[in-house]
Amino acid sequence: MIEYIKKISPHFDHIQNSIKLNAKKYNVPIIKDDTVLYLISVLSIFKPLNILELGSGFGYSTYIFSKYTNSETKIISVDFSLEAIKNSKELLASSKYVSKIDWIHCDGLIYLQKERLKDVDLFFIDAKKEDYYDYFNTIITKAKSNSIIIFDNLYLNGDVNNLKSLKSQKVHLLNCSLYNNKKGIFTFLPIGDGIGLFVIS
Ligand SMILES: C[S@@+](CC[C@H](N)C(=O)[O-])C[C@H]1O[C@@H](n2cnc3c(N)ncnc32)[C@H](O)[C@@H]1O
């Protein structure tokens, strides 16, 4: 189905194609095509003004946030790799939406711990999987009501089913705790590599 959608859809442009080719060449993971479509839907319904992304990679998801939000929206994209930030800046340099993006070189958890986070409408978590649990617990103590947290890779390519690594055990623990958390509503969607949406009450 996704191939048919991509054939007729205007949502995959030349900048996305160029990031995709680079990501493939250098083996850097990026969000999947169905995740792109999901994010576009969320952005058009929710209309966030401030987005905080952990894990810039090659800037593929950053580009989606910049393209499908209104002109006042600000996107902060945090990565602990200077090279990732340099690459995503280069790949997005020709984009007409690039002025909406600020890149910050920092560890994701440290950034969350030191910032207020009160103005963030949408958090997108795609950095260190072992830290997802701590990312969530830090965000939930500071974020405002009605903000949303979107997690990528909650399925870890199926590893959360066999729990052979510490990483999969940690993400599995997070998945279960998100369902039990009374501070909001959690949905785990079978999109991409497992998308989680937590809406803070
Ligand atoms: C899967 S890539 C992000 C892909 C990107 N969201 C996309 O779809 O285009 C993960 C990124 O997280 C970054 N990362 C890993 N551990 C991190 C940490 N502790 N703090 C900040 N960034 C981290 C890596 O450098 C890498 O660029």
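Residues numbered from 1 in each chain as written. Predicted model: local features only at pLDDT ≥ 70, side-chain atom pairs only at ≥ 80, totals over all residues.

Once that is clear, we can look at the overall build of the protein. Within the protein, the secondary structure is distributed over nine helices and seven strands. For 201 residues, the compact-globule estimate of 2.2 N^0.38 gives 17 Å, and the protein sits close to it at 16 Å. Dimensions of the protein, computed from the C-alpha atoms along their principal axes, are close to 40 × 35 × 35 Å. Here the protein holds 201 residues, and 36% of them are scored as buried. Considering only intrachain contacts with a sequence separation of at least 6, the fraction spanning at least 24 residues in the protein is 71%. (Helix = DSSP H or I, 4+ residues; strand = E, 2+ residues; numbered from the N terminus. Rg over C-alpha atoms; globule rule 2.2 N^0.38 Å. Buried ≥ 20, exposed ≤ 12 C-beta atoms within 10 Å, placed from the backbone. Contact = placed C-beta atoms within 7 Å.)

What follows is about the pairing of strand E3 (residues 101-105). In this structure, strand E2 (residues 74-79) lies alongside E3, joined through five bridges in parallel fashion. Paired with Ile 76 across the bridge in E3 is Asp 102. Taken together, E2, helix H5 (residues 82-92) and E3 constitute a β-α-β crossover, and its handedness is right-handed. (Pairing = 2+ DSSP bridges. Right-handed = clockwise from strand over helix to strand, strands pointing away.)

Of all five residues that make up strand E1 (residues 50-54), four are buried, and the element is covered over most of its length. Here E1 runs beside E2; their pairing, made up of five bridges, is parallel. Bridge pairing in E2 places Leu 54 opposite Val 78. Viewed along the sheet, the connection from E1 through helix H4 (residues 60-67) into E2 turns out right-handed. Summarising the sheet, E1 and strand E4 (residues 122-125) pair through four bridges and their orientation is parallel.

This paragraph deals with the site of the ligand. The environment of the ligand is formed by 21 residues, the closest being Gly 55, Gly 57, Tyr 60, Gly 108 and Lys 128. Among the secondary structure elements, those contributing two or more residues to the shell around the ligand are H4 and E2. Per-class residue counts for the shell around the ligand are ten nonpolar, six polar and five charged. (Near = placed C-beta within 6 Å. Nonpolar A, V, L, I, M, F, W, Y, C, P; charged D, E, K, R; others polar.)

Two elements in contact, helix H7 (residues 132-142) and helix H9 (residues 166-180), have axes whose closest approach is 8 Å; the angle formed by their N-to-C orientations is 35 degrees. The residues of H9 that touch H7, namely those facing Tyr 132, Tyr 133 and Phe 136, are Lys 170, Val 171, Leu 173 and Leu 174. Of the residues belonging to the contact of H7 with H9, the class tally is six nonpolar, no polar and one charged. (Axes fitted to C-alpha atoms, helices over the stretch in contact; angles between N-to-C directions.)

It is worth spelling out the environment of Ser 95 at this point. Within the secondary structure, Ser 95 is located in the loop between H5 and E3. Taking C-alpha positions, Ser 95 is 8.9 Å from Lys 67, a pair spaced 28 residues apart along the chain. The contact partners of Ser 95, leaving out residues within four places of it in the chain, are Ile 15, Tyr 63 and Ser 66.

Within H7, burial applies to Tyr 132, Tyr 135, Phe 136 and Ile 139. Looking straight down H7, one finds its buried side chains confined to an arc of 95 degrees; they lie on one side. Buried positions along H7 lie against E1, helix H6 (108-114), E4, strand E5 (148-151) and H9. (Arc of directions from axis to C-beta.)

So, on to the sheet that holds E4. Read across the open sheet, the seven strands follow the order E3-E2-E1-E4-E5-E7-E6; overall the sheet is mixed. The sheet is open, and its two edges are formed by E3 and strand E6 (184-189), each paired on a single side. With strand direction ignored, the average angle separating the axes of adjacent strands in the sheet is 15 degrees. Where H5 meets the sheet, its contacts fall on E2 and E3, and the angle it forms with E3 comes to roughly 165 degrees.

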